[in-house]
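Given next are the chains, with one letter for each unit.
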Amino acid sequence: KVSHSPEWRHHLRELEVDKLVVLRMNQARGNKRAMKYSIWLASSLRGLPFLVQELRQNVSSDTTVDACFCTIVDILDEDVE
């Protein structure tokens, strides 16, 4: 699976893609799909602590909470398979 590929993750971290995504996430907050993919990508690069931090900081944002839980479901789904 792509998200479990150390080379994929390492290469994108070297390019600082995670920093770019996090910096631009505020612009995606009004767009559910953009937010979902932004949170998924940032979480796949930064790990579960990032996801928990986003939930804590944005608990009043339906879009962010939904994106975080969708990401958790994706993570759990991959672990089951």
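So, how was this worked out
Residues numbered from 1 in each chain as written. Predicted model: local features only at pLDDT ≥ 70, side-chain atom pairs only at ≥ 80, totals over all residues. Heavy atoms only, no water. Buried < 20%, exposed > 50% of the residue type's maximum accessible area, 1.4 Å probe, protein only. Helix = DSSP H or I, 4+ residues; strand = E, 2+ residues; numbered from the N terminus. Arc of directions from axis to C-beta. Expected span 1.5 Å × (residues − 1). Patch = residues over 30% accessible without salt bridge, like charges linked within 9 Å, V, L, I, M, F, W, Y side chains within 5 Å. Areas by Shrake-Rupley, 256 points an atom, 1.4 Å probe, with all protein chains shown as cover. Salt bridge = Lys/Arg side-chain N within 4 Å of Asp/Glu carboxyl O. Core = buried A, V, L, I, M, F, W, Y, C linked by side-chain atoms within 4.5 Å. Contact = heavy atoms within 4.5 Å.

S.K.: Hey, could you go over helix α4 (residues 48–57) for me, with residue numbers and the actual values?
M.R.: Every buried residue of α4 is listed here: Phe-50, Leu-51 and Glu-54. Seen along its axis, α4 keeps its buried residues to an arc of 100°; they face one direction. When the buried face of α4 is taken as reference, the exposed residues oriented beyond 90 degrees from it are Leu-48, Pro-49 and Arg-56.

S.K.: Hey, could you go over helix α2 (residues 17–28) for me, with residue numbers and the actual values?
M.R.: With twelve residues, α2 should cover 16 Å at 1.5 Å per step; its first-to-last C-alpha distance of 16 Å lies within 8% of that length. The complete set of buried residues in α2 reads Val-17, Asp-18, Val-21, Met-25 and Ala-28. Projected down its long axis, α2 carries its buried residues within an arc of 85°, all on one side. Structural note: α2 exposes Leu-20, Leu-23, Asn-26 and Gln-27 on the side pointing more than 90 degrees away from its buried face.

S.K.: Mind laying out a nonpolar patch on the surface, listing which residues take part and the relevant values?
M.R.: A contiguous nonpolar surface patch, about 240 Å² in accessible area, is contributed by Leu-48, Val-52 and Ile-75. Residue classification places Ile-75 among the partly exposed residues on the basis of a relative accessible area of 37%.

S.K.: Run through the nonpolar core, naming residues and quoting values.
M.R.: Residues Val-17, Val-21, Met-25, Met-35, Ile-39 and Leu-41 are the most contacted members of the largest nonpolar core, which totals 14 residues. Secondary-structure elements contributing two or more residues to this core are α2, α3 (32–46), α4 and α5 (62–80). No other element matches the five residues that α3 contributes to this core. In contact with Leu-41, not counting residues within four places along its chain, are Trp-8, Leu-12, Val-17 and Val-21.

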